[in-house]
Amino acid sequence: MERSKQKQINKNENEADSAINGHFDGRVKIPGWSAAGTPSTAPSSSVMESWREERTRSLEDNEMSLPSIAAAYTTILRGLGEDPQRQGLLKTPRRAATAMQFFTKGYQEKIVDVLNDAIFDEDHDEMVIVKDIDMFSMCEHHLVPIFGRVHIGYLPNKRVLGLSKLARIVEIYSRRLQVQERLTKQIAVAITEALQPAGVGVVVEATHMCMVMRGVQKMNSKTVTSTMLGVFREDPKTRDEFLTLIRS
Amino acid sequence: MEYQKAAELNGLCNGKIVTEYLCRNGFSELTVDTKKVAVQHKHETSRKEAEDESRLPALEAAYSTILRGLGENTDRQGLLKTPLRAAKAMQFLTKGYHETIYDILNDAIFDEDHEELVIVKDIDMFSLCEHHLVPFFGKVHIGYLPSKKVVGLSKLARIVEIYSRRLQVQERLTKQIAMAISEALQPVGVAVVIEAAHMCMVMRGVQKMNSRTVTSAMLGAFREDPKAREEFLALTKSAQ
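Residues numbered from 1 in each chain as written. Chains lettered and ligands numbered in written order. Predicted model: local features only at pLDDT ≥ 70, side-chain atom pairs only at ≥ 80, totals over all residues. Heavy atoms only, no water.

Some remarks on the interface of chain A and chain B
Put simply, the test is: A contact between two residues is defined here by any heavy atoms of the two lying within 4.5 Å. Accessible-area loss on putting two parts together, using a 1.4 Å probe and summing over both, is the definition of buried area adopted here. Salt bridges are defined by distance alone: a side-chain nitrogen of Lys or Arg within 4 Å of a carboxyl oxygen of Asp or Glu. A 3.5 Å cut-off defines polar contacts: any pair of N or O atoms within that distance qualifies, except that in protein one atom must be a possible hydrogen donor and the other a possible acceptor, and neighbouring residues in sequence count only when both atoms are side-chain atoms.
On the side of chain B, 55 residues touch chain A, which itself brings 57 residues to the contact. Around 4900 Å² of area is buried between chain A and chain B when both sides are counted, 69% of it from carbon and sulfur atoms. The three residues of chain A that bury the most area against chain B are Leu-80, Arg-86 and Met-213 of chain A, which together make up 15% of that side's buried surface. With a shortest N-O distance of 2.8 Å, Arg-76 of chain B and Glu-140 of chain A are connected by a salt bridge. At the boundary of chain A with chain B, the tally comes to 15 residue pairs in polar contact (both at pLDDT 80 or more).

Comments concerning the domain arrangement of chain B
All names here are of chain B. Quick note on the threshold: Boundaries of every domain are those given by an automatic assignment or by a domain database. Classification used: nonpolar for Ala, Val, Leu, Ile, Met, Phe, Trp, Tyr, Cys and Pro, charged for Asp, Glu, Lys and Arg, polar for all others including Gly.
Each assigned domain of chain B is listed here: domain 1 (34-97) and domain 2 (108-236). Placing the centre of domain 1 and that of domain 2 at their C-alpha centroids yields a distance of 27 Å. Domain 1 puts 7 residues into the contact, and the matching count from domain 2 is 7 residues. A buried area of about 670 Å², summed over both sides, lies between domain 1 and domain 2, and 62% of it is on carbon and sulfur atoms. Among the residues domain 1 hides against domain 2, the three largest losses belong to Leu-93, Gly-96 and Tyr-97. Together they make up 60% of the total. At the junction of domain 1 with domain 2, the criterion picks out 1 salt bridge. For Lys-95, the salt bridge goes to Glu-161, with nearest N and O atoms at 3.3 Å. Connecting domain 1 to domain 2 are 5 residue pairs in polar contact (both at pLDDT 80 or more). Split by residue class, the side of domain 1 that touches domain 2 holds 4 nonpolar, 2 polar and 1 charged.

Now the structure itself:
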(Lines give C-alpha, C1' and ligand atoms only; values in the text may rest on other atoms or scores of the structure.)
Protein backbone atom coordinates (compact mmCIF):
# COMPACT_ATOMS: atom_id res chain seq x y z
CA MET A 1 0.00 0.00 0.00
CA GLU A 2 2.86 2.23 0.75
CA ARG A 3 4.26 1.61 -2.70
CA SER A 4 1.12 2.55 -4.54
CA LYS A 5 0.74 5.70 -2.55
CA GLN A 6 4.30 6.59 -3.36
CA LYS A 7 3.63 5.90 -7.01
CA GLN A 8 0.71 8.25 -6.82
CA ILE A 9 2.86 10.92 -5.31
CA ASN A 10 5.46 10.34 -7.96
CA LYS A 11 2.91 10.57 -10.69
CA ASN A 12 1.61 13.90 -9.55
CA GLU A 13 5.14 15.04 -9.17
CA ASN A 14 5.87 14.38 -12.79
CA GLU A 15 3.50 17.08 -13.83
CA ALA A 16 3.95 19.63 -11.16
CA ASP A 17 7.46 18.87 -10.11
CA SER A 18 9.16 19.63 -13.35
CA ALA A 19 7.92 23.14 -12.89
CA ILE A 20 8.23 23.35 -9.14
CA ASN A 21 11.65 22.18 -8.40
CA GLY A 22 12.95 21.00 -11.72
CA HIS A 23 13.29 22.98 -14.89
CA PHE A 24 12.31 26.53 -14.36
CA ASP A 25 12.12 28.25 -17.65
CA GLY A 26 11.55 31.53 -15.95
CA ARG A 27 8.76 32.79 -18.09
CA VAL A 28 6.09 33.88 -15.72
CA LYS A 29 3.19 36.11 -16.55
CA ILE A 30 3.24 39.07 -14.25
CA PRO A 31 -0.13 40.76 -14.41
CA GLY A 32 0.05 44.51 -14.68
CA TRP A 33 3.51 44.74 -16.15
CA SER A 34 3.96 46.16 -19.60
CA ALA A 35 5.32 43.95 -22.30
CA ALA A 36 8.26 46.20 -23.03
CA GLY A 37 11.43 44.71 -21.70
CA THR A 38 9.90 42.56 -19.01
CA PRO A 39 9.85 38.82 -19.17
CA SER A 40 6.10 38.61 -19.46
CA THR A 41 6.00 36.42 -22.50
CA ALA A 42 3.66 33.52 -23.00
CA PRO A 43 2.54 32.40 -19.60
CA SER A 44 4.17 29.34 -18.30
CA SER A 45 0.82 28.43 -16.92
CA SER A 46 1.96 25.28 -15.28
CA VAL A 47 4.18 27.41 -13.08
CA MET A 48 1.30 29.71 -12.18
CA GLU A 49 -1.06 26.95 -11.20
CA SER A 50 1.49 24.83 -9.59
CA TRP A 51 2.53 27.73 -7.43
CA ARG A 52 -0.88 27.57 -5.93
CA GLU A 53 -1.29 23.82 -5.74
CA GLU A 54 2.13 22.58 -4.98
CA ARG A 55 2.67 18.91 -4.40
CA THR A 56 2.79 18.54 -0.69
CA ARG A 57 4.10 15.81 1.45
CA SER A 58 2.02 15.25 4.50
CA LEU A 59 3.03 14.26 7.98
CA GLU A 60 1.53 10.84 7.35
CA ASP A 61 3.69 10.45 4.27
CA ASN A 62 6.65 11.21 6.44
CA GLU A 63 5.73 8.59 8.98
CA MET A 64 5.05 5.99 6.37
CA SER A 65 8.26 6.47 4.51
CA LEU A 66 10.44 6.68 7.61
CA PRO A 67 11.11 2.92 7.92
CA SER A 68 12.25 2.59 4.33
CA ILE A 69 14.48 5.64 4.55
CA ALA A 70 15.93 4.35 7.82
CA ALA A 71 16.59 0.96 6.21
CA ALA A 72 18.35 2.72 3.34
CA TYR A 73 20.58 4.51 5.82
CA THR A 74 21.44 1.22 7.50
CA THR A 75 22.54 -0.10 4.12
CA ILE A 76 24.62 3.02 3.63
CA LEU A 77 26.32 2.61 7.00
CA ARG A 78 27.21 -0.96 6.19
CA GLY A 79 28.34 -0.03 2.71
CA LEU A 80 30.75 2.50 4.18
CA GLY A 81 32.39 -0.16 6.32
CA GLU A 82 30.88 0.86 9.62
CA ASP A 83 29.19 -1.40 12.11
CA PRO A 84 25.54 -0.35 12.51
CA GLN A 85 25.32 -2.24 15.78
CA ARG A 86 27.83 -0.24 17.70
CA GLN A 87 26.46 1.98 20.40
CA GLY A 88 26.91 5.31 18.67
CA LEU A 89 25.22 4.10 15.48
CA LEU A 90 22.32 2.10 16.87
CA LYS A 91 19.66 4.75 16.30
CA THR A 92 21.50 6.63 13.61
CA PRO A 93 19.44 5.39 10.65
CA ARG A 94 16.30 6.68 12.28
CA ARG A 95 17.89 9.98 13.31
CA ALA A 96 19.41 10.49 9.89
CA ALA A 97 16.07 9.72 8.21
CA THR A 98 14.22 12.18 10.44
CA ALA A 99 16.95 14.76 9.87
CA MET A 100 16.68 14.34 6.11
CA GLN A 101 12.94 14.73 6.26
CA PHE A 102 13.45 17.91 8.23
CA PHE A 103 15.92 19.20 5.66
CA THR A 104 13.31 18.67 2.95
CA LYS A 105 10.31 19.93 4.90
CA GLY A 106 9.81 22.58 2.24
CA TYR A 107 7.90 19.93 0.36
CA GLN A 108 5.33 19.83 3.14
CA GLU A 109 4.33 23.43 2.96
CA LYS A 110 2.47 25.56 0.47
CA ILE A 111 3.12 29.22 -0.19
CA VAL A 112 -0.59 29.85 -0.11
CA ASP A 113 -0.88 28.63 3.46
CA VAL A 114 2.00 30.70 4.65
CA LEU A 115 1.01 33.94 2.97
CA ASN A 116 -2.72 34.10 2.77
CA ASP A 117 -3.38 36.29 5.72
CA ALA A 118 -0.41 38.58 5.91
CA ILE A 119 -0.85 40.81 2.86
CA PHE A 120 -1.86 44.31 3.86
CA ASP A 121 -2.87 47.40 1.97
CA GLU A 122 -0.45 50.16 2.84
CA ASP A 123 0.16 53.34 1.00
CA HIS A 124 3.88 52.69 0.83
CA ASP A 125 5.86 52.72 -2.32
CA GLU A 126 9.41 52.88 -1.08
CA MET A 127 11.79 49.98 -1.03
CA VAL A 128 11.37 47.37 1.69
CA ILE A 129 14.38 45.17 2.40
CA VAL A 130 14.79 42.18 4.68
CA LYS A 131 18.40 41.12 4.68
CA ASP A 132 20.70 38.55 6.28
CA ILE A 133 18.07 35.84 6.37
CA ASP A 134 19.99 32.68 7.27
CA MET A 135 19.30 29.99 4.74
CA PHE A 136 20.00 26.26 4.88
CA SER A 137 19.41 24.02 1.92
CA MET A 138 20.54 20.70 0.46
CA CYS A 139 22.47 20.37 -2.76
CA GLU A 140 20.36 18.19 -5.04
CA HIS A 141 23.42 16.77 -6.72
CA HIS A 142 25.33 15.49 -3.72
CA LEU A 143 22.82 15.62 -0.87
CA VAL A 144 25.22 17.77 1.14
CA PRO A 145 24.24 21.03 2.91
CA ILE A 146 24.32 24.51 1.43
CA PHE A 147 24.06 27.43 3.80
CA GLY A 148 24.24 31.15 3.54
CA ARG A 149 22.22 34.32 3.59
CA VAL A 150 19.36 35.68 1.57
CA HIS A 151 18.65 39.37 1.03
CA ILE A 152 15.24 40.31 -0.29
CA GLY A 153 14.01 43.70 -1.41
CA TYR A 154 10.78 44.75 -3.07
CA LEU A 155 9.02 47.92 -4.13
CA PRO A 156 5.45 47.55 -3.00
CA ASN A 157 2.55 48.58 -5.14
CA LYS A 158 0.07 49.43 -2.43
CA ARG A 159 0.36 45.98 -0.93
CA VAL A 160 2.93 44.99 1.63
CA LEU A 161 3.74 41.62 3.08
CA GLY A 162 4.30 40.67 6.70
CA LEU A 163 8.07 40.75 7.14
CA SER A 164 8.46 37.32 8.57
CA LYS A 165 6.59 35.97 5.58
CA LEU A 166 9.57 36.82 3.44
CA ALA A 167 11.69 34.65 5.70
CA ARG A 168 9.06 31.92 5.59
CA ILE A 169 9.09 31.96 1.81
CA VAL A 170 12.85 31.49 1.99
CA GLU A 171 12.34 28.57 4.36
CA ILE A 172 9.82 26.82 2.16
CA TYR A 173 11.98 26.96 -0.92
CA SER A 174 15.31 26.37 0.73
CA ARG A 175 14.32 23.32 2.76
CA ARG A 176 14.34 21.21 -0.41
CA LEU A 177 16.81 19.55 -2.72
CA GLN A 178 17.91 22.67 -4.49
CA VAL A 179 20.15 24.36 -6.93
CA GLN A 180 21.06 27.87 -5.82
CA GLU A 181 20.00 29.50 -9.07
CA ARG A 182 16.58 27.94 -8.92
CA LEU A 183 16.13 28.81 -5.26
CA THR A 184 16.80 32.47 -5.95
CA LYS A 185 14.33 32.56 -8.76
CA GLN A 186 11.62 30.70 -6.91
CA ILE A 187 11.78 33.14 -4.03
CA ALA A 188 11.54 36.10 -6.38
CA VAL A 189 8.67 34.65 -8.35
CA ALA A 190 6.72 33.72 -5.24
CA ILE A 191 6.89 37.26 -3.91
CA THR A 192 5.97 38.63 -7.29
CA GLU A 193 2.94 36.43 -7.64
CA ALA A 194 1.75 37.08 -4.11
CA LEU A 195 2.01 40.86 -4.09
CA GLN A 196 2.31 42.07 -7.65
CA PRO A 197 4.88 44.63 -6.54
CA ALA A 198 6.61 47.10 -8.79
CA GLY A 199 9.78 45.08 -8.50
CA VAL A 200 11.55 42.38 -6.53
CA GLY A 201 15.25 41.77 -5.94
CA VAL A 202 16.65 38.65 -4.30
CA VAL A 203 20.33 38.00 -3.62
CA VAL A 204 21.51 34.67 -2.23
CA GLU A 205 25.05 34.25 -0.98
CA ALA A 206 25.94 30.74 0.08
CA THR A 207 28.69 28.29 0.86
CA HIS A 208 28.35 24.88 -0.75
CA MET A 209 29.67 22.05 1.36
CA CYS A 210 29.96 19.95 -1.78
CA MET A 211 32.72 22.33 -2.86
CA VAL A 212 34.24 22.82 0.58
CA MET A 213 34.25 19.33 2.05
CA ARG A 214 34.89 17.36 -1.10
CA GLY A 215 35.72 17.76 -4.75
CA VAL A 216 37.72 20.89 -5.33
CA GLN A 217 37.89 21.71 -1.58
CA LYS A 218 38.00 25.46 -1.59
CA MET A 219 37.24 26.52 1.95
CA ASN A 220 36.47 30.16 1.49
CA SER A 221 34.55 30.19 -1.73
CA LYS A 222 31.03 31.63 -1.78
CA THR A 223 28.47 31.49 -4.55
CA VAL A 224 26.32 34.56 -5.12
CA THR A 225 23.19 34.52 -7.28
CA SER A 226 20.61 37.20 -7.78
CA THR A 227 17.26 37.66 -9.42
CA MET A 228 15.93 41.11 -10.28
CA LEU A 229 12.38 41.44 -11.52
CA GLY A 230 10.35 44.43 -12.63
CA VAL A 231 11.71 47.81 -11.71
CA PHE A 232 14.82 46.27 -10.21
CA ARG A 233 15.69 44.88 -13.59
CA GLU A 234 14.86 47.96 -15.64
CA ASP A 235 16.04 50.78 -13.45
CA PRO A 236 19.72 50.69 -12.54
CA LYS A 237 19.28 53.26 -9.78
CA THR A 238 16.81 51.11 -7.93
CA ARG A 239 19.06 48.14 -8.27
CA ASP A 240 21.98 50.18 -7.02
CA GLU A 241 20.07 51.35 -4.00
CA PHE A 242 19.10 47.79 -3.19
CA LEU A 243 22.61 46.46 -3.57
CA THR A 244 24.09 49.27 -1.51
CA LEU A 245 21.63 48.81 1.29
CA ILE A 246 22.26 45.11 1.57
CA ARG A 247 26.00 45.66 1.72
CA SER A 248 25.95 48.12 4.58
CA MET B 1 33.87 -10.75 18.10
CA GLU B 2 34.43 -9.00 14.82
CA TYR B 3 31.95 -6.37 15.74
CA GLN B 4 33.55 -5.83 19.05
CA LYS B 5 36.78 -4.97 17.35
CA ALA B 6 35.02 -2.60 15.01
CA ALA B 7 33.56 -0.89 18.00
CA GLU B 8 37.02 -0.36 19.30
CA LEU B 9 38.15 1.14 16.03
CA ASN B 10 35.79 4.01 16.15
CA GLY B 11 33.82 3.38 19.25
CA LEU B 12 35.18 3.31 22.72
CA CYS B 13 38.38 5.16 22.99
CA ASN B 14 39.49 3.65 26.20
CA GLY B 15 43.15 4.44 25.99
CA LYS B 16 44.43 1.07 24.99
CA ILE B 17 46.71 2.25 22.23
CA VAL B 18 46.95 -0.97 20.30
CA THR B 19 43.24 -1.23 19.84
CA GLU B 20 43.19 2.30 18.46
CA TYR B 21 44.81 1.05 15.33
CA LEU B 22 42.86 -2.11 15.03
CA CYS B 23 41.29 -1.65 11.67
CA ARG B 24 39.64 -4.57 10.10
CA ASN B 25 37.32 -5.25 7.29
CA GLY B 26 33.80 -5.43 8.62
CA PHE B 27 32.73 -8.09 6.21
CA SER B 28 35.61 -10.36 5.54
CA GLU B 29 35.68 -13.85 6.88
CA LEU B 30 38.84 -13.12 8.79
CA THR B 31 38.56 -13.70 12.45
CA VAL B 32 40.91 -11.41 14.17
CA ASP B 33 43.00 -13.05 16.77
CA THR B 34 44.03 -10.68 19.51
CA LYS B 35 47.55 -12.00 19.51
CA LYS B 36 47.94 -11.18 15.87
CA VAL B 37 46.68 -7.67 16.32
CA ALA B 38 50.07 -6.07 16.50
CA VAL B 39 50.97 -7.42 13.08
CA GLN B 40 47.64 -7.11 11.35
CA HIS B 41 46.81 -3.58 12.31
CA LYS B 42 49.55 -2.18 10.19
CA HIS B 43 48.10 -3.61 7.04
CA GLU B 44 44.39 -3.81 7.40
CA THR B 45 41.78 -1.14 7.19
CA SER B 46 38.11 -1.49 7.86
CA ARG B 47 37.37 -0.55 4.29
CA LYS B 48 39.74 -1.22 1.49
CA GLU B 49 39.94 1.33 -1.25
CA ALA B 50 39.54 -1.34 -3.88
CA GLU B 51 36.20 -2.33 -2.46
CA ASP B 52 34.71 1.11 -2.74
CA GLU B 53 33.75 0.53 -6.36
CA SER B 54 32.04 -2.73 -5.64
CA ARG B 55 30.08 -1.19 -2.81
CA LEU B 56 28.74 1.67 -4.92
CA PRO B 57 25.64 -0.03 -6.38
CA ALA B 58 24.26 -0.86 -2.96
CA LEU B 59 24.84 2.71 -1.79
CA GLU B 60 23.26 4.07 -4.94
CA ALA B 61 20.17 1.96 -4.48
CA ALA B 62 19.91 3.13 -0.88
CA TYR B 63 20.11 6.76 -1.94
CA SER B 64 17.44 6.24 -4.59
CA THR B 65 15.19 4.83 -1.90
CA ILE B 66 15.84 7.85 0.26
CA LEU B 67 15.03 10.28 -2.53
CA ARG B 68 11.78 8.52 -3.27
CA GLY B 69 10.92 8.32 0.40
CA LEU B 70 11.32 12.08 0.64
CA GLY B 71 8.73 12.52 -2.07
CA GLU B 72 11.09 13.61 -4.81
CA ASN B 73 10.84 12.58 -8.41
CA THR B 74 13.98 10.60 -9.14
CA ASP B 75 13.53 10.95 -12.88
CA ARG B 76 13.89 14.65 -13.05
CA GLN B 77 16.99 15.96 -14.69
CA GLY B 78 18.69 17.32 -11.60
CA LEU B 79 18.32 14.08 -9.69
CA LEU B 80 19.15 11.50 -12.35
CA LYS B 81 22.72 10.88 -11.24
CA THR B 82 22.30 12.07 -7.69
CA PRO B 83 22.35 8.61 -6.07
CA LEU B 84 25.71 7.93 -7.67
CA ARG B 85 27.12 11.34 -6.78
CA ALA B 86 25.80 11.16 -3.24
CA ALA B 87 27.23 7.65 -2.77
CA LYS B 88 30.65 8.76 -4.01
CA ALA B 89 30.49 11.89 -1.89
CA MET B 90 29.69 9.83 1.18
CA GLN B 91 32.56 7.48 0.44
CA PHE B 92 34.87 10.44 0.13
CA LEU B 93 33.63 11.93 3.37
CA THR B 94 34.37 8.65 5.14
CA LYS B 95 37.67 7.92 3.46
CA GLY B 96 39.40 7.94 6.82
CA TYR B 97 38.44 4.31 7.13
CA HIS B 98 40.84 3.49 4.33
CA GLU B 99 43.92 4.81 5.91
CA THR B 100 46.11 3.83 8.78
CA ILE B 101 48.39 6.05 10.79
CA TYR B 102 51.43 3.95 10.04
CA ASP B 103 51.02 4.41 6.33
CA ILE B 104 51.37 8.12 6.54
CA LEU B 105 53.74 8.48 9.43
CA ASN B 106 56.35 5.85 8.92
CA ASP B 107 58.80 7.94 7.01
CA ALA B 108 58.41 11.39 8.42
CA ILE B 109 59.69 11.07 11.98
CA PHE B 110 63.02 12.77 12.44
CA ASP B 111 65.51 13.01 15.24
CA GLU B 112 65.92 16.64 16.18
CA ASP B 113 67.33 18.09 19.30
CA HIS B 114 64.30 20.28 19.84
CA GLU B 115 62.40 20.37 23.09
CA GLU B 116 60.26 23.43 22.75
CA LEU B 117 56.62 23.59 21.92
CA VAL B 118 55.65 22.90 18.32
CA ILE B 119 52.19 24.03 17.29
CA VAL B 120 50.25 23.59 14.07
CA LYS B 121 47.04 25.55 14.34
CA ASP B 122 43.96 26.42 12.29
CA ILE B 123 43.85 23.08 10.55
CA ASP B 124 40.46 23.02 8.78
CA MET B 125 38.58 19.93 9.73
CA PHE B 126 35.44 18.42 8.18
CA SER B 127 33.73 15.44 9.67
CA LEU B 128 30.34 13.74 9.80
CA CYS B 129 28.24 13.51 12.91
CA GLU B 130 27.68 9.82 13.56
CA HIS B 131 24.27 10.45 15.02
CA HIS B 132 22.65 12.34 12.16
CA LEU B 133 25.07 11.86 9.26
CA VAL B 134 25.27 15.63 8.92
CA PRO B 135 28.58 17.51 8.64
CA PHE B 136 30.38 19.29 11.41
CA PHE B 137 33.41 21.36 10.65
CA GLY B 138 35.85 23.63 12.34
CA LYS B 139 39.49 24.09 13.21
CA VAL B 140 41.97 21.90 14.98
CA HIS B 141 44.96 23.22 16.90
CA ILE B 142 47.67 20.72 17.74
CA GLY B 143 50.70 21.27 19.93
CA TYR B 144 53.32 18.89 21.23
CA LEU B 145 56.52 18.99 23.23
CA PRO B 146 58.94 16.75 21.36
CA SER B 147 61.27 14.40 23.11
CA LYS B 148 64.08 14.20 20.58
CA LYS B 149 61.71 13.13 17.83
CA VAL B 150 59.76 15.54 15.65
CA VAL B 151 57.22 14.73 12.99
CA GLY B 152 56.77 16.30 9.56
CA LEU B 153 54.31 19.15 9.99
CA SER B 154 51.88 18.11 7.33
CA LYS B 155 51.65 14.74 9.01
CA LEU B 156 49.80 16.36 11.86
CA ALA B 157 47.24 17.62 9.37
CA ARG B 158 47.11 14.19 7.77
CA ILE B 159 46.40 12.61 11.13
CA VAL B 160 43.50 15.03 11.50
CA GLU B 161 42.27 14.03 8.06
CA ILE B 162 42.37 10.32 8.77
CA TYR B 163 40.37 10.57 11.94
CA SER B 164 38.00 13.28 10.89
CA ARG B 165 36.92 11.71 7.59
CA ARG B 166 34.79 9.19 9.49
CA LEU B 167 31.51 9.05 11.33
CA GLN B 168 32.62 10.80 14.44
CA VAL B 169 31.83 12.31 17.76
CA GLN B 170 33.89 15.42 18.45
CA GLU B 171 35.12 14.20 21.83
CA ARG B 172 36.38 10.96 20.38
CA LEU B 173 37.99 12.69 17.43
CA THR B 174 39.99 14.93 19.74
CA LYS B 175 41.19 12.03 21.79
CA GLN B 176 42.09 9.88 18.80
CA ILE B 177 44.27 12.61 17.33
CA ALA B 178 46.04 13.13 20.64
CA MET B 179 46.60 9.43 21.18
CA ALA B 180 47.89 8.91 17.65
CA ILE B 181 50.55 11.58 18.06
CA SER B 182 51.39 10.28 21.51
CA GLU B 183 51.86 6.76 20.27
CA ALA B 184 53.85 7.72 17.21
CA LEU B 185 56.32 10.10 18.78
CA GLN B 186 56.30 9.44 22.50
CA PRO B 187 56.57 13.16 23.13
CA VAL B 188 56.73 14.87 26.48
CA GLY B 189 53.18 16.11 25.98
CA VAL B 190 50.45 16.54 23.39
CA ALA B 191 47.60 19.04 23.28
CA VAL B 192 44.73 19.06 20.81
CA VAL B 193 41.92 21.61 20.73
CA ILE B 194 39.01 21.39 18.31
CA GLU B 195 36.45 24.12 17.79
CA ALA B 196 33.62 23.13 15.50
CA ALA B 197 30.16 24.07 14.32
CA HIS B 198 27.72 21.18 14.20
CA MET B 199 25.23 21.38 11.37
CA CYS B 200 22.96 19.01 13.27
CA MET B 201 22.54 21.81 15.81
CA VAL B 202 22.53 24.67 13.32
CA MET B 203 20.36 23.35 10.51
CA ARG B 204 17.90 21.33 12.55
CA GLY B 205 16.89 20.53 16.08
CA VAL B 206 17.61 23.44 18.34
CA GLN B 207 18.79 25.65 15.42
CA LYS B 208 21.37 27.85 17.09
CA MET B 209 23.35 29.44 14.28
CA ASN B 210 26.33 30.74 16.14
CA SER B 211 27.03 28.00 18.61
CA ARG B 212 30.42 26.34 18.57
CA THR B 213 31.58 23.24 20.41
CA VAL B 214 35.11 23.21 21.81
CA THR B 215 36.83 20.05 23.00
CA SER B 216 40.39 19.48 24.07
CA ALA B 217 42.71 16.64 24.93
CA MET B 218 45.80 17.30 27.05
CA LEU B 219 48.29 14.51 27.54
CA GLY B 220 51.57 14.31 29.38
CA ALA B 221 53.18 17.59 30.30
CA PHE B 222 50.19 19.54 29.10
CA ARG B 223 48.01 17.78 31.58
CA GLU B 224 50.35 18.10 34.51
CA ASP B 225 51.99 21.44 33.99
CA PRO B 226 49.61 24.39 33.90
CA LYS B 227 52.23 26.70 32.44
CA ALA B 228 52.76 24.52 29.39
CA ARG B 229 49.02 24.40 28.87
CA GLU B 230 48.75 28.16 29.23
CA GLU B 231 51.46 28.74 26.68
CA PHE B 232 49.74 26.46 24.20
CA LEU B 233 46.35 28.05 24.70
CA ALA B 234 47.74 31.57 24.46
CA LEU B 235 49.55 30.81 21.23
CA THR B 236 46.55 29.21 19.61
CA LYS B 237 44.15 31.95 20.63
CA SER B 238 46.06 34.78 19.07
CA ALA B 239 44.42 34.51 15.65
CA GLN B 240 41.01 35.27 17.10
